[in-house]
Amino acid sequence: MSHASYELKAVARERVGKGSSRELRRNGLIPAVIYGDKQAPIAIALNTNEVTKRIHAGGFMTTVAVIDLDGQKIRVLPKDYQLDRVRDFTMHVDLLRVSANSEVTVAVPVHFENEEKSAIKTGAVLNIVRHEVELHVPASNIPEFITVDLAGLKVGDSVHISAVKLPAGTSPVIADRDFTIATIVAPAAGVEEEAASE
């Protein structure tokens, strides 16, 4: 269900700080930090082109990667990355160490299906409240997306998280209420146009 894992080669960073980070970027590398799993953080550098390709391919934040650091294989999940606001290149990456039984929190995209079997077919509008949902998931089985079935929904209907079949072992981060993911609403402009043409 989750994306296939991939491997990135890394080198250990001897020095940290702005000066050394700028030097790394000039040499085609991105500074990164591996942290978590009750171990000391490790400062590393990754190949800029490899990381940028992974970010643009999609699923970067929901795919476990294997970092090869001088032959040592470390399983990680990207938790954050910073882009240069002007030139749009990757400045830094934070990586969370994960083991086979780790549970992580990820924002999983929501996909909608069977629009043609709902009021949308006759002109209603799908109002998406949440394009992604934060879930607690096993690091070994991160869903690529969750699916919302719109079949049979009419104008005024809402889809709540309780109506979505979540993969085994996952649970929503928001647990204190049955939050809305989407609603089916009447098309405001369409109704006005029809009245005007009559």
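Above this text is the structure in question.
Residues numbered from 1 in each chain as written. Predicted model: local features only at pLDDT ≥ 70, side-chain atom pairs only at ≥ 80, totals over all residues. Heavy atoms only, no water.

Draft legend 1. Molecular detail of the sheet that holds strand 4 (residues 65-69). Read around the closed barrel, six strands run 1-3-2-6-5-4, paired in mixed fashion. Between one strand axis and the next, the sheet turns through 45° on average, direction left out of account. Where strand 1 (residues 6-12) and strand 4 come together, five bridges link them in parallel fashion. Counterpart to A10 in the pairing with strand 4 is L69. Against the sheet, helix 1 (residues 18-26) engages strand 2 (29-36), strand 3 (39-47) and strand 6 (90-97), with an angle of about 125° to strand 2. (Pairing = 2+ DSSP bridges. Helix = DSSP H or I, 4+ residues; strand = E, 2+ residues; numbered from the N terminus. Axes fitted to C-alpha atoms, helices over the stretch in contact; angles between N-to-C directions. Contact = heavy atoms within 4.5 Å.)

Draft legend 2. Structural view of the nonpolar core. Counting 30 residues, the largest nonpolar core has V104 and I181 as its most contacted members. Of all the secondary structure elements, the ones that give two or more residues to this core are strand 7 (103-113), strand 9 (132-138), strand 10 (146-149) and strand 13 (180-185). A total of five residues in this core trace back to one element, the largest contributor, which is strand 7. (Core = buried A, V, L, I, M, F, W, Y, C linked by side-chain atoms within 4.5 Å. Buried < 20%, exposed > 50% of the residue type's maximum accessible area, 1.4 Å probe, protein only.)

Draft legend 3. Structural context of helix 2 (residues 48-57). By the burial criterion, the buried members of helix 2 are T48, V51 and I55. The buried side chains of helix 2 occupy one side of the element, clustering within an arc of 75° when seen end-on. Helix 2 presents N49, K53, H56 and A57 as exposed residues on the side facing more than 90 degrees away from its buried surface. Next to the buried residues of helix 2 lie strand 1, strand 2, strand 3, strand 5 (72-83) and strand 6. Of the residues flanking the start of helix 2, the one acting as N-cap is N47, its side-chain oxygen 2.9 Å from the backbone nitrogen of N49. Following helix 2 by one or two positions, G58 adopts a phi angle in the positive range, close to 90°. (Arc of directions from axis to C-beta. Polar contact = N/O pair within 3.5 Å; in protein donor to acceptor, adjacent residues only side chain to side chain.)

Draft legend 4. Spotlight on the packing of aromatic side chains. The full count for this structure, using the stated rule, is one aromatic pair. Ring geometry for F60 versus Y81: centroids 5.6 Å apart, planes at 80°, classification edge-to-face. Of the two residues, F60 sits in the loop between helix 2 and strand 4 while Y81 sits in strand 5, which places them 21 residues apart along the sequence. Cation over ring: R54 sits above Y6, and NZ or CZ is 4.1 Å from the ring centre. Lying over the aromatic face of F179, R130 brings its terminal NZ or CZ to 4.5 Å of the ring centre. (Phe/Tyr/Trp six-rings, centres within 6.5 Å; stacked < 30°, edge-to-face > 60°. Lys NZ or Arg CZ within 6 Å of the ring centre and 35° of its normal.)

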